[in-house]
Structures are given as structure tokens and as C-alpha cells.
Amino acid sequence: MRFVKTLLLSGKSIVAALIVAAALLTVMASPAIASPSANEKLLLGLVNDQRAAQGLPLLRFGSRLALAARHHSQDMIDNGYFAHSSPTGETLVDRLKGSGVGGWISAGENLAGAPSPAMAVDLWMNSP
């Protein structure tokens, strides 16, 4: 899973969805629709610590993306799956378009079934 570490430490936009705390991080600004939860703020800070250590630009909270991630996280819980695509075939690209997020060139999504933001980032950064 070197891909996960690459996404977290790349200069490109990323999307991170947690089952416990859905959090969206992006280098693109999004209009204010949702405020970050305490867990989302913590996750963003932990990811930005990793990026700062590599001399990369910090990420900012994307509220439209957060709503899409929260919805996907809840859908995974409600429908008993853990995947980037829903049982109905909805993908990350579908979720981005559906949330009104545009202007991206590439996107990635990191999932972590972790009880805390700290454990999620630890799992991502130590994945093989």
C-alpha cells in the first residue's frame, strides 16, 4: 500500500474517508458548507504534520468534500461494506461530481477502519 503513503505525501489533492470520523482534506478551497468536526481537525493536523516533515504544502479542509466523505462513510456503515465503490457502483469520481467539486485533475481516497484519527494516519504511513 505504498500508494496510500504517496497520496498523503504527494503535492496533489487527496480525499480521506474514515468510518469513525469522515474527514476531507484538499489543497483546493471549497465554499463553506460544513464545519470540520474535532476528529476531522485532528486528522487534518496529523496529515499536515507528515506533509510538513517532507517540506510539502499543507492541506486545507474542504467542506463540500467533507459532506461527500461523511455520506460515503455512513453508507459503508449502513450497508456493511468497506470499499471505494459502493454496492450500487458509486465511485469517488461520482461523489466528487455529486458534491459539486470541480477543478481537480486527479483524486485519491484513503479509507481506514480505525478507532481514532491518530491510528488512521499511523496505519496509512506504515502501510507496506
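From a predicted model like this one, the values you see are computed outputs, not experimental measurements.

### A short note on the environment of Ser35
- Within the secondary structure, Ser35 is located in the loop between strand S2 (25–26) and helix H2 (38–53).
- Here the alpha-carbon distance between Ser35 and Phe61, two residues 26 residues apart in the chain, equals 8.6 Å.
- Once you skip the residues sitting within four places of it in the chain, Ser35 turns out to touch Glu40, Phe61 and Arg70.

### Focus on the packing of H2 against helix H5 (residues 117–125)
- For the pair H2 and H5, interaxial distance at closest approach is 9 Å and the crossing angle is 35°. At the point where H2 passes H5, the crossing takes the right-handed sense. For the pair H2 and H5, the contacting residues are Asn39, Leu42, Leu43, Leu46, Val47 and Gln50 in the first and Pro117, Ala118, Val121, Trp124 and Met125 in the second.
- Considered class by class, the residues forming the contact of H2 with H5 number nine nonpolar, two polar and no charged.

### So, helix H3 (residues 63–79)
- The terminal C-alpha atoms of H3, which comprises 17 residues, lie 24 Å apart, in line with the 24 Å expected from a rise of 1.5 Å per residue.
- Burial in H3 covers these residues: Ser63, Leu65, Ala66, Ala68, Ala69, His72, Ser73, Asp75 and Met76.
- Gly80 occupies a position one or two residues after H3 and carries a positive phi of about 60°.

### What to know about the pattern of salt bridges
- Per the counting criterion, the structure on display carries two salt bridges.
- Among the ionic pairs, Arg70 bridges to Glu40, the shortest N-O distance being 2.6 Å. In this pair, Arg70 is assigned in helix H3 and Glu40 in helix H2, connecting sequence segments 30 residues apart.
- Its relative accessible area of 1% is what places Glu40 among the buried residues.
- Across the pair Arg95 and Glu109 runs a salt bridge whose closest N-O atoms are separated by 2.8 Å. With Arg95 in helix H4 (residues 92–98) and Glu109 in strand S4 (residues 109–112), this residue pair connects regions lying 14 residues apart in the sequence. Residue Arg95 shares its accessibility class with Glu109, and that shared class is buried.

### Let's talk about the nonpolar core
- Core analysis: the biggest nonpolar cluster contains twelve residues, these being Leu43, Leu44, Val47, Leu59, Phe61, Ala66, Ala112, Ala114, Ala120, Val121, Trp124 and Met125.
- In terms of residue count, H5 provides more of this core than any other element does, four residues in total.

### Considerations on the confidence of the model for the chain
- This prediction gives the chain a mean pLDDT of 79; 74% of its residues lie at or above 70.
- Overall, residues 1–7 carries pLDDT values under 50, and its contacts beyond four positions in sequence, including any with other chains, amount to 14 contacts.
- Within the model, pLDDT remains below 50 along residues 11–32, and this stretch shows 88 contacts once partners closer than five positions in the same chain are excluded.

Calculation notes
- Residue positions are given per chain, counting from 1 as you read along its sequence in written order.
- Thresholds applied to this predicted model are a pLDDT of at least 70 for local features of residues and 80 or more for the giving and counting of side-chain atom pairs; totals over whole chains, interfaces and linings are not thresholded and use all residues.
- The side-chain quantities take in all heavy atoms of the structure and omit both hydrogens and water.
- Helix numbering and strand numbering both begin at the N terminus, where a helix is a DSSP run of H or I of at least 4 residues and a strand a DSSP run of E of at least 2.
- We call two residues in contact whenever any of their non-hydrogen atoms come within 4.5 Å of each other.
- Lines fitted to the C-alpha atoms define the axes, with helices restricted to the stretch that makes contact. Angles between their N-to-C directions range from 0 to 180 degrees.
- Helix crossings are classified by the rotation of the near helix relative to the far one: an anticlockwise turn of less than a right angle makes the crossing left-handed, while a clockwise turn makes it right-handed.
- Under the grouping applied here, Gly and all other residues not named as nonpolar or charged are polar, the nonpolar ones being Ala, Val, Leu, Ile, Met, Phe, Trp, Tyr, Cys and Pro and the charged ones Asp, Glu, Lys and Arg.
- Given a helix with a known number of residues, its expected span is that number minus one, times 1.5 Å.
- The buried label applies to any residue whose accessible area, calculated with a 1.4 Å probe on protein chains only, is under 20% of its type's maximum; exposed applies above 50%, and partly exposed to all values in between.
- When a carboxyl oxygen of Asp or Glu is within 4 Å of a side-chain nitrogen of Lys or Arg, the pair counts as a salt bridge.
- Only buried Ala, Val, Leu, Ile, Met, Phe, Trp, Tyr and Cys residues count toward a nonpolar core, and they belong to the same one when joined by side-chain atoms within 4.5 Å.
- Each residue carries a pLDDT score, the predictor's own confidence in it, on a scale running from 0 to 100.

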